[in-house]
Amino acid sequence: MQLQRCAALGAVPLAAAGLLVGCSTDSSDHAGARAAFYSQPVAWLPCTEGQARHWFSDAPADGRTCALVRAPLDYHQSGTLSPEAVDTVSLAVARRPAEEDKRGTLLLIGGGPGDPGLPMLDMPFPEQVRKHYDIVSYDPRGVGRSTPPIVCDPAGGDLVEDQDSVTATETARRAFVASCVHGTGAKELRHIGSDEATDDIDVLRGVLGEQQLNILAASYGTQVAAMYVQRYPGGYRAAVLDGVVDVTENNTQMRVGQNKGYQDTFNRVAAFCVDRYRAQGRPDCPLGADPAQAQNVFHAILRETKDHPVPAGATPPIEPNDVLQALSTSLLWPEGWTPYLDALAAVRRGDGTPMRALASEQPEQSPRQAPSAPDTKANALAAITCADVAEPTTDRASRQAGEAQLHDAATYDDFEPRPTEFPLDTCDLWPTPGTAKAYQPHRGEGSAPVLFVGTRHDPTTPVRNAQRMANYLDSPLVIREGDGHTFVFAGVNACVDDLVVRYLDDPGSTSDAVCE
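Being a predicted model, the structure only gives us computed values, none of them experimental. (Residues numbered from 1 in each chain as written. Predicted model: local features only at pLDDT ≥ 70, side-chain atom pairs only at ≥ 80, totals over all residues. Heavy atoms only, no water.)

A. Summary view of the overall build of the protein chain. When its secondary structure is counted, the protein chain shows 16 helices and twelve strands. Out of the 516 residues in the protein chain, the part that is buried amounts to 57%. For the protein chain, the accessible surface area stands at approximately 20200 Å², while carbon and sulfur atoms represent 50% of it. (Helix = DSSP H or I, 4+ residues; strand = E, 2+ residues; numbered from the N terminus. Buried < 20%, exposed > 50% of the residue type's maximum accessible area, 1.4 Å probe, protein only. Areas by Shrake-Rupley, 256 points an atom, 1.4 Å probe, with all protein chains shown as cover.)

This is how it looks when you write it as structure tokens:
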């Protein structure tokens with residue numbers, strides 16, 4: 001594989017029960033020590049005023065208000081924590097008020113890691129949700145409008161395409177890591193991961209004046225949500241996890257699962273190409289007439305673009321990594337398949353311009369999200385991932401088996417001979433160990449069931465993740481047939497949305513279901 005894939009409202013802090021192995025190093029009641037953060041004064045202003053006027057490209061007149069909420073940089077330092085006494089982060093938060101009688105707050109937790117969450121407030125929520133819930137979105141620490149930002153130098157290392165040698169690749173990755181330490185700060189970089197993000201949610205709960213939250217989490221956000229429902233079993237009333245991370249998997253297992261998911265989706269794109277793509281009136285499928293041979297055809301295209309880069313107008317010519325980068329941004333949702341195949345057909349005709357446009361795009365947003373492309377997004381993905389999973393080492397030999405597993409899990413992009421040696425990963429070179437290790441989850445006694453939602457052919461969070469997590473937490477599972485990644489309240493599947501609305505109305509009423 002070449003691609004890596006306002007005034008406080010009077011809530012009291014909950015005890016941090018059941019702290020996770022690998023996610024917290026102290027089982028004491030940190031929540032009581034941080035009460036000042038729950039009761040901090042917060043200046044809520046219309047999102048069209050002050051610095052928040054830049055947070056949304058076109059904020060609708062729905063009464064939303066915006067604020068910055070402070071949280072401890074390091075939750076685990078000793079003593080009483082207060083905004084005046086310790087280093088803090090500021091979380092950019094937006095709240096859309098219930099249109100009628102409020103029944104609670106629905107907190108949205110976005111994906112990535114590193115995706116800004118504020119744009120989720122513009123999702124097409126069902127009427128029942130808009131009427132009865134304050135809906136709250138936020139940018140996680142280090143991301144988007146939250147501060148301090150994650151800052152790395154993209155020129156410090158290419159995390160997508162390997163260099164000419166293993167040593168050169170590792171040198172570039174070390175330079176990238178050093179740029180993150182320099183640009184973000186060593187202390188800030190240590191406290192930018194999912195462990196802290198979990199506690200941030202409970203600070204938001206307190207600031208919002210809620211005894212319990214309702215949660216909707218997507219993709220990577222499901223990891224943070226799963227950690228929250230275990231760490232704070234009394235802090236949530238309902239939690240919907242869509243596009244589920246399996247928290248029992250280590251980093252290698254998770255990435256192998258993703259690679260297998262992308263291979264499955266590539267195979268499905270090949271079948272789509274010779275069937276529905278051609279039925280749309282397109283010319284011959286650029287992957288050939290036989291889906292079983294599509295991978296070989298794709299490899300031939302990649303080799304040809306390596307030997308003879310394809311002109312792309314005034315932009316650099318198309319090379320293999322451009323074709324693969326565009327593919328990675330197009331696979332997640334079926335809406336991206338036809339534009340990608342069109343661009344691939346153009347490459348075969350000698351025109352790389354459409355492929356350059358796709359390769360230069362930010363990864364596709366879910367259909368339910370407004371587009372956003374902050375400068376920090378790619379850096380945040382690397383930094384938060386490594387803050388969670390890093391196991392620093394200089395022993396390249398110790399990583400060969402795992403890297404070989406990753407390489408062999410997907411073959412659609414293996415157009416060159418299998419490497420004889422794999423370089424250390426960026427997270428292997430991280431300065432500190434990760435703080436969100438794999439763990440066995442369970443549902444706290446008396447806490448509500450969690451609703452898990454999976455898509456049958458999700459390339460990045462395979463449906464088996466949702467199946468396993470539903471089993472661990474003794475909770476219901478909704479499976480959407482088809483392709484794509486995260487669909488709740490996307491305006492795409494009424495069956496899924498209706499079941500989620502019913503669950504939010506009565507968390508104990510939902511059972512397993514399949515939606516076409």
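B. Examining the state of the cysteines more closely. In total, this model carries five disulfides according to the counting rule given. Note on cysteine connectivity: C47 is disulfide-linked to C66, with sulfurs 2.0 Å apart. In this structure, the disulfide formed by C47 and C66 twists by about 100° around the S-S bond and is classed as right-handed. With C47 in the loop between β1 (45–46) and β2 (65–72) and C66 in strand β2, this residue pair connects regions lying 19 residues apart in the sequence. For the pair C47 and C66, one class covers both residues: buried. Shown here is the disulfide that connects C273 with C285, its sulfur atoms set 1.9 Å apart. What sets the handedness of the C273 and C285 disulfide is the S-S torsion sign, and at about 115° it is right-handed. (Disulfide = S-S within 2.5 Å.)

C. Quick peek at the pattern of salt bridges. This structure, assessed with the given rule, holds 31 salt bridges. For D505, the salt bridge identified is with R103, shortest N-O distance 3.2 Å. A residue pair is termed long-range when its members are at least 10 positions apart, and D505 in helix α16 (residues 494–505) and R103 in the loop between β3 (88–96) and β4 (104–109) qualify at 402 residues. Residue R103 is classed as partly exposed on the basis of its relative accessible area, which comes to 42%. Each member of the salt-bridge network shares a partner with another, and the members are R34, D195, D199 and R231. (Salt bridge = Lys/Arg side-chain N within 4 Å of Asp/Glu carboxyl O.)

D. Focus on the environment of V136. Inspection of the secondary structure assignment puts V136 in strand β5 (residues 133–139). Owing to a relative accessible area of 0%, V136 belongs among the buried residues under this scheme. Measuring from C-alpha to C-alpha, the distance between V136 and L118 comes to 8.4 Å, with 18 residues separating the pair along the chain.

E. Main features of the pairing of strand β10 (residues 451–457). Extensive coverage of β10 is indicated by the burial of five of its seven residues. In this sheet, β10 lies alongside strand β7 (residues 236–242) in parallel orientation, the contact comprising three bridges. Residue pairing across strands places V240 opposite L451, the latter belonging to β10. Judged from the five bridges that link them, β10 and strand β11 (residues 477–483) form a sheet pairing that is parallel. Paired with G454 across the two strands is I479, which belongs to β11. Running through helix α15 (residues 463–472), the crossover from β10 to the neighbouring parallel element β11 is right-handed. (Pairing = 2+ DSSP bridges. Right-handed = clockwise from strand over helix to strand, strands pointing away.)

F. Main features of the packing of aromatic side chains. Taken as a whole, this structure holds five aromatic pairs when the rule is applied. Between F272 and W337 the ring centres are 5.5 Å apart and the planes differ by 75°, which places this aromatic pair in the edge-to-face class. Of the two residues, F272 is situated in helix α8 (residues 251–279) and W337 in helix α11 (residues 337–348); the sequence distance between them amounts to 65 residues. W337 shares its class with F272; the two are buried. By the ring-pair criterion, three or more aromatic residues cluster together here, those being F266, F298 and Y412. Over the ring of W44 we find R95, and its NZ or CZ is 4.2 Å from the ring centre. For the cation-ring pair, R480 lies above F487, with the distance from its terminal atom to the ring centre recorded as 3.9 Å. (Phe/Tyr/Trp six-rings, centres within 6.5 Å; stacked < 30°, edge-to-face > 60°. Lys NZ or Arg CZ within 6 Å of the ring centre and 35° of its normal.)

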